[in-house]
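Here is how the chains run, residue by residue.
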Amino acid sequence: MVFIVMSSDGEDCSAFLRAELEQVKKEVPRIENVKLIAAVPLLVRAEIKKTEHKQVAVTCMFQPAYPAEPLVTELRSKTLADRFLDGLAKVCDTEARKLKGKPQVLHVINFVKTFIEENTLCVCSEEISTIKRLLTGDKDEIKLKQKASELVVKVHQEQYFLHIKISVPDNYPLVQITPELTEHNFPAFLYTHFKAQAAEIARRCVQPPLKKNPNQSPFVPKPSLLPTCEYLIECVKKYPLEKCQLCHERALPVDPLTESTQRGRQIEKVYCGHLFHFMCLNKFMKTPPFAEGKQCPTCGKQIFHDKWKVSSEVMETRWAHKQARQRELEEVADFME
Ligand SMILES: [Zn+2]
Ligand SMILES: [Zn+2]
């Protein structure tokens, strides 16, 4: 003998659920960018797709005592970070709890859809957390402008600073970010260098190299936000403390405002990337030995610089002339004594 025991509550509940599932089947397909996958007494599943990289599958699971017990929401995505999805799922549970005793599915699905649409930077949430960890200074900051799909990063090192405005395009990461260096107090040559390098790093993330290597797997665009910011943050942290490779004093003045007033203290950046005072480098380049060309005393790389482009023979001759002139002067001095 089989007894089927069903409380009146249970009957109410399934009638309630049936009505809600009907409503879900009717309403969800009408929501833009949302596709209903399943609507059964165990769960409702829908797929939300804003762009290729802003896609999420929402599963709302009914608990035995639903709707007295809230829905449990599970979010899955191939492109959005797990940490972001876990956080959003928790908020969904809170939303469902607010509607205890009432239909919850439509509200939760709409909530996720609106959240993904309004939080445009969700597509780079992991990169943003890493950038936050790189900003270690007291005055450093990062501001997210979700509506404009922009972020502003302010990096400091002692008295030097750089502000970067970054626009994240809608079809990120297939399309690169655009870094804009809005404010800074670095010498112009360093600013130009930062700007060009940052643009190049971002470009390389999405454009395949011109020279194709047949052994390499096909090119896939990579997220460009983190590598670009990492580079710029490192520059700001590093350059103000960098030393002249010859006199071992700081290359940049401690106070950025004194830059133009000290003659011979202008900074030269050579091929290897090391910094030198103009005065120190000039003396070094014009002093023998010349035969092997001049190497950076720190990393040993050849020094190429437009200002000292003359060959070693010319340098040798100039040096000899200068020495001869010096001797002549000394001889004259001797004679006068
Ligand atoms: Zn120096
Ligand atoms: Zn070097």
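Preceding this paragraph is the structure being described.
Residues numbered from 1 in each chain as written. Chains lettered and ligands numbered in written order. Predicted model: local features only at pLDDT ≥ 70, side-chain atom pairs only at ≥ 80, totals over all residues. Heavy atoms only, no water.

Q: Before we go on, may I ask you to explain helix H5 (residues 188-206) in this structure?
A: Structurally, the α-helix is built with 3.6 residues per turn, so residues lying three or four positions apart point the same way. Between the first and last C-alpha of H5 there are 28 Å, a value that for 19 residues agrees with the 27 Å anticipated at 1.5 Å per step. Residues of H5 that are buried in the fold lie against strand S7 (160-167), strand S8 (178-184), helix H6 (225-238) and strand S9 (267-269). (Helix = DSSP H or I, 4+ residues; strand = E, 2+ residues; numbered from the N terminus. Expected span 1.5 Å × (residues − 1). Contact = heavy atoms within 4.5 Å.)

Q: So what exactly am I meant to see when it comes to the packing of aromatic side chains here?
A: Pairs of aromatic rings are described using the distance from one ring centre to the other and the angle between the two planes. Counted by the stated rule, this structure contains seven aromatic pairs. Taken together, the ring pairs connect Tyr 160, Phe 186, Phe 194 and Tyr 239 into an aromatic cluster. (Phe/Tyr/Trp six-rings, centres within 6.5 Å; stacked < 30°, edge-to-face > 60°.)

Q: Explanation requested: the sheet that holds strand S2 (residues 43-51) in the structure shown.
A: Paired through their backbone hydrogen bonds, the strands of a sheet run either parallel or antiparallel. Read across the open sheet, the four strands follow the order S1-S2-S3-S4; overall the sheet is antiparallel. Taken across any chain shown, the strands that pair with only one partner, and hence form the sheet edges, are strand S1 (34-39) and strand S4 (72-76). Neighbour-to-neighbour, the strand axes of the sheet open up by a mean angle of 20 degrees, direction not taken into account. In this structure, S1 lies alongside S2, joined through five bridges in antiparallel fashion. Residue pairing in the sheet places Ala 39 in a bridge with Val 44 of S2. Here helix H2 (residues 82-98) sits on the sheet in contact with strand S3 (54-61) and S4, set at roughly 155 degrees to S4. (Pairing = 2+ DSSP bridges. Axes fitted to C-alpha atoms, helices over the stretch in contact; angles between N-to-C directions.)

Q: Explain the environment of Ser 149 to me, please; I cannot follow it from the model alone.
A: With respect to the helices and strands, the residue Ser 149 is situated in the loop between strand S5 (141-145) and strand S6 (150-157). Distance in space between the C-alpha atoms of Ser 149 and Leu 210 is 30 Å, their sequence separation being 61 residues. Setting aside residues no more than four positions away along its own chain, Ser 149 makes contact with Thr 120, Leu 121, Ile 166, Ser 167 and Val 168. A polar contact of 2.7 Å, which involves the side chain of Ser 149, links it to the backbone oxygen of Val 168. (Polar contact = N/O pair within 3.5 Å; in protein donor to acceptor, adjacent residues only side chain to side chain.)

Q: Could you clarify how one ought to interpret the layout of surface pockets in this entry?
A: Take a probe with the size of a water molecule and roll it over the atoms, and the empty space left behind shows itself. Within this model, the largest pocket holds a volume of roughly 250 Å³. Around the largest pocket sit 13 residues that line it, and Phe 84, Ser 125, Ile 128, Lys 132 and Leu 144 are the ones nearest its centre. If you list the elements that add at least two residues to the lining of the largest pocket, you get H2 and helix H4 (125-134). By residue number, the principal contributor to the lining of the largest pocket is H4, which donates five residues. Of the residues belonging to the lining of the largest pocket, the class tally is six nonpolar, four polar and three charged. Two domains each put at least three residues into the lining of the largest pocket: domain 1 (8-118) and domain 2 (126-207 + 221-284). (1 Å grid on protein atoms, 1.4 Å probe; cavity = no way out; pocket = protein on both sides within 12 Å on 5 of 7 lines; lining within 4 Å. Points joined across faces, edges and corners; volume = space filled by probe spheres on them. Nonpolar A, V, L, I, M, F, W, Y, C, P; charged D, E, K, R; others polar. Domains from an automatic or database assignment.)

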